[in-house]
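# Examining the three-dimensional arrangement
Below are the chains, spelled out letter by letter.
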Amino acid sequence: MVATSHDVMPDIELYQPTDEANALALAESLGADGWLLGGGQDTYGWLKDRNKNPAAMIELTQVDAWHGIKETPDGIEIGAVTTITEIVNSPLIQAKFALLSTAASRVASPQIRNVGTLGGNLNQDARCWYYRRGLDCYRAGGNICYADSPQGLNREHALFGASRCVAVTPSDTAPALVALDATMVISRTGGQREVSAQDFFVGPARDITHMTVLNEGEILTAVRIPNTWANAEFYFEKVADRNVWDFALVSVAAAIKVSGGTIEDARIVCGAVECVPRRMEAVEDAIRGQQRSEELANQVASIASEGARTLNYNHFKVPLMENLVKRAIRG
Ligand SMILES: Cc1cc2nc3c(=O)[nH]c(=O)nc-3n(C[C@H](O)[C@H](O)[C@H](O)COP(=O)(O)OP(=O)(O)OC[C@H]3O[C@@H](n4cnc5c(N)ncnc54)[C@H](O)[C@@H]3O)c2cc1C
Ligand code: SF4
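Note that the structure is predicted; figures quoted are calculated from it, not measured. Every chain begins its residue count from 1, and numbering advances along the sequence as written. Chain letters and ligand numbers both follow the written order, the letters beginning at A and the numbers at 1. Thresholds applied to this predicted model are a pLDDT of at least 70 for local features of residues and 80 or more for the giving and counting of side-chain atom pairs; totals over whole chains, interfaces and linings are not thresholded and use all residues. Processing note: side-chain calculations cover all non-hydrogen atoms of the structure and skip hydrogens and water entirely.

## Some thoughts on the side chain of Glu59
Structurally, Glu59 can be placed in strand β3 (residues 56-59). Buried, partly exposed and exposed residues are distinguished by accessible area as a fraction of the type maximum, computed with a 1.4 Å probe on protein chains only: under 20%, between the cut-offs, and over 50%, respectively. His residues and chain termini do not enter the charge count, which takes Lys and Arg as positive and Asp and Glu as negative. The term salt bridge refers to a pairing of a side-chain nitrogen on Lys or Arg with a carboxyl oxygen on Asp or Glu at a separation within 4 Å. Lys48 provides the closest opposite charge to the buried, salt-bridge-free Glu59, at an N-O distance of 16 Å. One polar contact links Glu59 to Gln16, side chain to side chain, over a distance of 3.2 Å. With residues near it in sequence (within four places) discarded, Glu59 still touches Leu14, Tyr15, Gln16, Pro17 and Leu37. Helix and strand assignments follow DSSP, with helices taken as H or I runs no shorter than four residues and strands as E runs no shorter than two, numbered in order from the N terminus. Whenever two N or O atoms come within 3.5 Å, that pair is a polar contact, provided that in protein one can donate a hydrogen and the other can accept it, and provided that, for residues adjacent in sequence, both atoms are side-chain atoms. Only heavy atoms enter the contact rule, under which two residues are in contact if any of them lie within 4.5 Å.

## Structural notes on empty space enclosed by the protein
Once rolled over the atoms, a probe with the size of a water molecule shows which space is left empty. For each structure, a 1 Å grid was placed over the protein atoms alone; sets of points admitting a 1.4 Å probe that cannot get out are labelled cavities, open sets with protein on both sides within 12 Å along at least five of seven lines are labelled pockets, and lining residues have an atom within 4 Å of a point. Grid points are joined across faces, edges and corners, and a volume is the space filled by probe spheres set on the points. Tallying each qualifying case throughout the model produces two cavities of 30 Å³ or more. Its volume calculated, the largest cavity comes out at about 90 Å³. Considering the residues around the largest cavity, the lining is formed by 15 residues, among which Cys128, Cys137, Arg139, Cys145 and Cys165 are closest to the centre. Classifying every residue of the lining of the largest cavity gives twelve nonpolar, one polar and two charged. The volume enclosed by the second largest cavity comes to roughly 60 Å³. The classification used treats Ala, Val, Leu, Ile, Met, Phe, Trp, Tyr, Cys and Pro as nonpolar, Asp, Glu, Lys and Arg as charged, and all other residues, Gly among them, as polar. Tallied by class, residues from the lining of the second largest cavity come to five nonpolar, five polar and no charged.

## Points about the site of ligand 1
Nearness is defined per residue: one heavy atom within 4 Å of the molecule or strand is enough. Not every one of the 34 residues close to ligand 1 is listed here, only the nearest: Leu36, Gly38, Gly39, Thr117 and Asn121. Between an oxygen atom of ligand 1 and a main-chain N or O atom of Ala108, the distance comes to 3.0 Å. In this description, accessible areas are obtained by the Shrake-Rupley approach with a 1.4 Å probe, and a residue is regarded as covered only by the protein chains that are shown. Here ligand 1 loses 92% of its free accessible area of 970 Å² to cover by the protein chains. Looking at the shell around ligand 1, the elements with two or more residues in it are β2 (34-37), α7 (118-123) and β8 (219-226).

## A few points about the environment of Ala253
Secondary-structure assignment places Ala253 in strand β10 (residues 250-259). Look at Ala253 and you get buried, because its relative accessible area is 0%. Excluding residues that lie within four positions of it along the chain, Ala253 makes contacts with Leu99, Pro175, Ala176, Ala179, Tyr235, Phe236, Arg267, Ile268 and Val269.

## Describing the packing of aromatic side chains
Pairing of aromatic side chains here covers Phe, Tyr and the six-membered ring of Trp, requires ring centres within 6.5 Å, and sorts the geometry by plane angle: under 30 degrees stacked, over 60 edge-to-face, intermediate tilted. All chains considered together, the criterion is met by four aromatic pairs. Taking the centre distance of 5.0 Å and the plane angle of 75 degrees together, the rings of Trp46 and Tyr131 count as edge-to-face. Taken as a pair, Trp46 in helix α2 (residues 43-48) and Tyr131 in helix α8 (residues 129-132) lie far apart in primary sequence, 85 residues in all. There is no split in this pair, since Trp46 and Tyr131 are both buried. Consider the rings of Tyr130 and Tyr146, whose centres lie 6.0 Å apart with planes at 25 degrees: the pair is stacked. Taken together, the positions of Tyr130 in helix α8 and Tyr146 in the loop between α8 and α9 (173-179) put the pair 16 residues apart, joining distant regions of the chain. A relative accessible area of 23% means that Tyr146 is categorised as partly exposed. In this analysis the charged atom, NZ for Lys or CZ for Arg, is taken to sit over a ring once it is within 6 Å of the ring centre and within 35 degrees of the ring normal. A cation over a ring is seen here: Arg164 above Tyr138, with NZ or CZ 5.1 Å from the ring centre. The ring centre of Phe160 lies 3.6 Å from the NZ or CZ of Arg278, which sits over that ring.

As structure tokens, this is what we get:
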């Protein structure tokens, strides 16, 4: 007789706290065993493929205190369990920070945006398909990078910041929030800390198994956007193989303050070229104080790719990134 095996989903303890203190206490006590769950759109892929097997999940979406978009004296605050669709449709965000609503509108598909949360979008794991298939690469605790090997398929991978791992940041909202100089509010039992969006994401040289500064027991509970860049001139563009349901090959998010045709200040950030959203500070320095024009954009775009290290199949990302930066500058 031939034995048959059934691939059933392993048991997972599901916690559904409805108040803040309870959710934080669960995160503290469960530590690494307590998987934080937003809308599940990144998580369920891991579970379905049996490549991550958390013992417990803490569903965050029923905590009202972490939901919604509100105006504050110096900007806006978005609760981390607010859905991507709510961000896309928010009149407040559209009026002041259209860069974020535009970036959010390019996330995945309408169905995923309806349940996917901002917290989940910002904390989603690397999309490198070797890693996602459950291979034992560096990011999974092994000692090889399959993408950065002679036969590796790496057209989606990094141009900058490689350190054993060459995976890129997959989030579309992350570059927009870095460009808007947002602050991440991180909570744990007994306290809160704030980290700038730029410092929230970490590359593999610092931590190869995590993509953010969150420690065990901590939850991203809100994102604050200061009025500093409200109603600046914004530009967001994402290039992907398909227009829906697909991650960026390269994206650019820019906030530019222009007065009388002169660029007073700018923050330009690219997605999908490094493990973290890549701020183009050298480009920003080169355009500050200059007349905004096509000529200026053409002159400075190559600065964006200084220091890029291409892999076997991602050379195309260099001109793509330069062109997106060019378009952001010329407006
Ligand atoms: C087919 C497909 C296409 C996609 N395309 C895109 C795309 O184009 N652009 C894009 O940006 N994303 C894309 N995604 C990724 C992702 O599903 C969505 O971005 C979604 O917003 C994730 O949110 P979620 O709440 O469902 O995440 P979840 O799966 O609930 O969470 C994702 C991760 O974040 C952690 N987490 C969740 N909330 C918090 C929190 N508050 N604090 C700390 N950690 C937290 C979870 O533990 C988990 O590790 C795609 C996903 C799929 C399946
Ligand atoms: S790029 Fe990173 S995630 Fe992908 S195989 Fe290499 S080590 Fe793993």
